[in-house]
Structure formats: C-alpha cells, structure tokens
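Okay, here's what each chain looks like letter by letter:
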Amino acid sequence: MTDDRSLERAARSWIEIGPTEAPERAVEAALHLIQTTPQVRALRIPWKFPNAFTPTRIATVAVIGALTIGGAVFIVGGPPVSVGVPPSPDPSHAVQPTPSASARSTPSPTISPLNSTGLIVFEHFTPRLVTRIEQLLPTGFGQELLPDVPGNQQTPSWSSDGARLAFAQFDPGDPASRQQIFETDATGSEPRPVTTDCRPPACLDESGPAYSVDGRQMVFVRWAGPLGGPPTSSVVAIRDLTTGAVTELESTGTPYAEAFIDHPRWSPDATHISFTRVLIDADAASTDSRIWLVNADGNGLRALTEPGFEAGDAEWSPDGTRILFAREIVHHWSGGGKGAGENEWIYTMAPDGTASTRLTSGRRTGAPSWTAGGSQILYSVLDASSIASGDIATPDIYVMEADGSNQRKVATYGDCCRWYPVQQPAP
Amino acid sequence: VDRDLVEQARRGDRDAFAVLVHQVSDSLYAVAQRILRDPALAEDALQNALVLAWRRLPHLREIDRFEAWIHRILVHACYDESQRARQWTANVRVLPIDGPTSSDGTSVIADRDELERAFGRLPVDQRAVFVLHHYLGLPLVEIAEMLEIPAGTARSRLHYATRGLRDALLAEAEPAVPGGRLA
C-alpha cells in the first residue's frame, strides 16, 4: 500500500470512514451558549474573544487559595508542585464546551531572576478566552492584579516612575460596554478611569495606553464608529492628564476598512511617537503591519519598517537610542498573517529605522519590552511543538540581555497563554 | 447556504443563525472529527467554532464566503483542541498492533489501523489540509484562500502529509524483530 497511487486510493477511502452528522447535543449546547452570547459589534482589537458566564466568588477564592498554597509549598522547597488548572479566577467568561474527554493542562512554573526587581505584569489570555492582567509572583505563578474588574483587561503599561499602571478594559458580556482606559498601581488599587470624554460616533473606544516619561501625557488609540457597530477608523491620540484635553494626530487617521492603529509609544524625550499600522482583510484578520514614526505635533509621518515585514509592538529603550520590536504581533498570532508561523523574531533598530539587528532566531518570539533600566529584554516564546503545528500554543516568558545574549526562561506554564510581560520601573 | 440567512444572522438574528448552524454543522463536525480523530475533541472544536462564528459574524464582509469563513474558524478551533490534547497525551505511547495480514479482509483493517496511526502522527496543520483536500474535495488554491495561507504552503502541507503517511507505512511494513535477544 505504499506506492503513491495505492496510498492515495487507500487514504481517500479511509478518510471517508467516520461520522457524517454532528451530535445533536453538541449543536444544541452551542446554540444554548449563543443565546447568552453577544456578538462583537465593535471589533476594537482583533484578539478579542467571547465571554459567557460569570463565575462564583467561591471559585475565585478557591483559585487564589490553591495558588497561594501551591506557592507556599514551592517556596519551602517541598516536592514538585502539581497543581491542576482551576477554573479561571476572572469574573467573566466565555465558551465552555460540554464536559468531554478533551484534556486541560497543568501549570509547571519556574522562575529565573532578572537584574532588576520591579513587579512584572502580563496579559493572561485564559482558556476561557478572556484576557486578564496578572502579576508574576516570586513562585512563578501568576495572580490576577484586578480580580474585581470584569471582562478583558489588556495592554498594561507602566508610568516611568512605576507608580501607575495604565490598561484598557471592556466587558464583552455587557453589550453596552465600550473599551476604555483606566489606571491602577502595583497593588491593584481601585482603577481610576482615564477615559472621560469618549462618546460615539466620534469616540467609540480607547485602547493601547502609554505614559510620556514625565507622566503628564498619555498616548493611546482612539477608535471612531457608531455604537453597536464596527469601528470606522482609528487614530493616534494624546491626552493631557492634567486637563483631560485630547489631541488626535490627524495624520495617523486610518479607515478601519483597510487597517487600524496599534501600540503607540512615546520616545523618551517626548518629541516622537512610534506606532503600528496593521493591515486587515475583509474578515478583519491581519495581513501585514509596519511601524511608523510621527512627531508629537502630528507632522513628519514616516515608516520605519518595510511592507511585508509584519513588524510591530515597538518599544523605545529608556535612553532613546534603540527601538525594540517584533516581527509579527503576538496579539495576531492566532489570526495569522502572510508569514504567520515563520520568522517571528525580535529585533532592535535605530530611531530612524536603520541598523536593524535581529536578537532571536528559530523559535517564535514576540511581545518584547525593556526591563526596568533597559539592561534586559522580556519577551514571549512559543514552545517548539507549537512551531511544528502552527498552533497558538503556550508561550513562556523569557528574558535576554539587551544584545540578545543569555536567553533564558523566566516563567513557564502548561496552558495558554501569558504574553506582553512588562516590568515596573523602579518606584 | 442562504445569503439572506447570513445577512440576518450578521445583524444579530439568533434564529437565523440557528438555521445556518443546522445547515453547516454536519459538515463542520465531519471535518473536525477527521482532523482530530477524536469525537470528544471534535465536539469541543465544533462548539467553539460555532460560538466564535456567532461572535464574529458582524465582521464577515463577504457573505458569499460564509462557508469558507466558518470552516476556517473550525480549523483554527481544531488547532486549539489538538494543542490541548497533545499536552494531555504527550506521555502516552502509541502501541503497535501486531498480527498477521491475510487476504480475508484483515489486511484492509490492518491498513486502516496503519493509516490511523500514521495520520495521528502528522502535525495538525498538515492533517487539516489533507482532510480539506481529500474529504471535502477542495482544490489547493481554495484551501489556501480558506486558511489564508499561500498556495505553496497548502501544497507543501499536503505533500508532507502524504509523504509522512507513506514513510510511516513503510516503516510499519518493515519486518519486525522477533521477540528475544538480538544476536
């Protein structure tokens, strides 16, 4: 059966064998979920996934208790800790298939120290398909920073003094919810809304916040569009944190029919803003991305990377001499792009786009950020088996020196997905 | 698939979407089951795909591409389920099935077993292209469009899948070393 013809014949015949009707219980379960699941009418950022149920407070307490006990055992040097993944402690949830034989994973945290000691927070894209901000505990486990804030918590970004942490939030379980920016601190204090003047259609959502070094301004992405509908455009915007006044940099305005703005960042001297322009197709899936630079007054718009390179997630070094960036944006790993699954490496370049240097190779890497002080780089790495399968898989958090040397794991987990680690600058 | 139903569902009509689900779920499940080779995983993939499709339907701009679009969502759901399953079964060794083959039909069963084992060892993205091509009968260009991958990638995945099956079958066809010690 091993010559090509007979193999193909046998394979065709064999592949026909099997069920041709969907089990009614699976279809009915899906339709039941859909009854309580709102549609994503404003796809503010493409990595959003649905939510469905609200967990009990008891489950939250149980989860935190399990993590605490597991961490304590880990600290005192007991036998290897094996802690099954409990229900996600986040208060809003998504697709929950009916019980089946499909496996769920087990975390196995490790921890490797960094040169600097600031708190590391990251996005945890949970098995329940919502994104929550977690802090990396000394045990290697993650713990929710804002357990009482419902829905998706995304794109955490520290102020340069480490006193404030900005993030974007929206609740997919609430049809009236729109994405807004909040700020908290390293202790997870009650978040304070930064978004105060956002009304459709001129302002549908706000996302991707980043503080200026002096902490007086915040750059972010402002989305326009009708309430209940998809966005019509996005633009880089600046908010004066003293007066609340917002200035949109019109030169960066982008119609959603073709692209959207992502990940704006101040240069340390506050004269320039870098951002990503992500091209999308008819299904709002990313197809390419480029990093752009614009003067803080909106003039001087120019591209720093070439078309087809799929560059994004740019981060300025604290001294402003280098821009760290990734080829392929982790938030779109699941959506894919022209080169999805290939050449997903981390680079640095000069602020004029020259002197590009590749820091990683081989394994899929992304979501880089400078550690406090800028001597090291935090990033995410997909495991090798994921590369072979093309799956979104289970990124681990890694660290390397600023020149790309001494790449090592900071924390690893058995389930998907922790990414976009950012370290608190020295308070 | 009725365009009007897709348009109604896109505007938030759950009843219209339910009709669509009943029209496409058999095909989706059959594809998922053949990619994943596990009924429970296939059910999970089907459910996740249907709910995700409902969520994202307002952003489907080309209504005529509904079936290709929802199959793409399904294939990605299969990738996710396969990943979870791999973590679970990483330490489970596949045991070979021994036994003679003959002309009385048992060779057909043995061939199926060999194919099942060999197919299970292929990466899930290769399995997906193989199933879409050989089960749904889609041309590679259409598969490439559906999965949003270059046509060359679709072709190479099918090639590697076929080669992987052949190599695995060849390996299994090697005469087994009898039990006992090697001299």
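See the structure above.
Residues numbered from 1 in each chain as written. Chains lettered and ligands numbered in written order. Predicted model: local features only at pLDDT ≥ 70, side-chain atom pairs only at ≥ 80, totals over all residues. Heavy atoms only, no water.

Draft legend 1. Expanded view of the overall build of chain A. Looking only at helices and strands, chain A has 4 helices and 25 strands in total. Surface accessibility of chain A: about 16100 Å² in total, with carbon and sulfur atoms responsible for 55%. (Helix = DSSP H or I, 4+ residues; strand = E, 2+ residues; numbered from the N terminus. Areas by Shrake-Rupley, 256 points an atom, 1.4 Å probe, with all protein chains shown as cover.)

Draft legend 2. The sheet that holds strand β3 (residues 142-144) of chain A, seen in detail. Residue and element names in this part refer to chain A. With antiparallel pairing, 4 strands are arranged side by side in an open sheet as β3-β2-β1-β25. The sheet terminates laterally at β3 and β25 (418-423), the two strands that pair on one side only. Direction aside, the axes of adjacent strands within the sheet are offset by 35 degrees on average. Judged from the 3 bridges that link them, strand β2 (residues 131-136) and β3 form a sheet pairing that is antiparallel. Paired with Gln 135 across the strands is Gln 143, a residue of β3. (Pairing = 2+ DSSP bridges. Axes fitted to C-alpha atoms, helices over the stretch in contact; angles between N-to-C directions.)

Draft legend 3. Spatial organisation of unusual backbone geometry. Residue and element names in this part refer to chain A. Note the cis peptide between Pro 200 and Pro 201, where omega equals 5 degrees. Tracing the chain through its elements places Pro 201 in the loop between β7 (192-193) and β8 (205-211). In the Ramachandran plot, His 263 falls in the positive-phi region, its phi being about 55 degrees despite a non-glycine side chain. When you line up the elements, His 263 lands in strand β13 (residues 259-266).

Draft legend 4. Structural detail: the pattern of salt bridges. All names here are of chain A. Tallying each qualifying case throughout the model produces 18 salt bridges over all chains. Between Arg 239 and Glu 206 there is a salt bridge, with the nearest N and O atoms lying 3.1 Å from each other. Taken together, the residues Arg 239 in strand β10 (residues 233-240) and Glu 206 in strand β8 connect sequence positions 33 residues apart. Each member of the pair Arg 239 and Glu 206 is classed as buried. The partner of Lys 409 in a salt bridge is Asp 396, and the shortest N-O contact between them spans 3.7 Å. (Salt bridge = Lys/Arg side-chain N within 4 Å of Asp/Glu carboxyl O. Buried < 20%, exposed > 50% of the residue type's maximum accessible area, 1.4 Å probe, protein only.)

Draft legend 5. Local environment of the environment of B:Val1. Residues and elements named next belong to chain B. Here Val 1 is to be found in the segment before α1 (3-10). Classification of Val 1 as partly exposed rests on a relative accessible area of 44%. Sequence separation between Val 1 and Asp 64 is 63 residues; the distance between their C-alpha atoms is 8.5 Å. When neighbours within four sequence positions are excluded, Val 1 is seen to be in contact with Val 6, Leu 20, Gln 23, Val 24, Phe 66 and Glu 67. (Contact = heavy atoms within 4.5 Å.)

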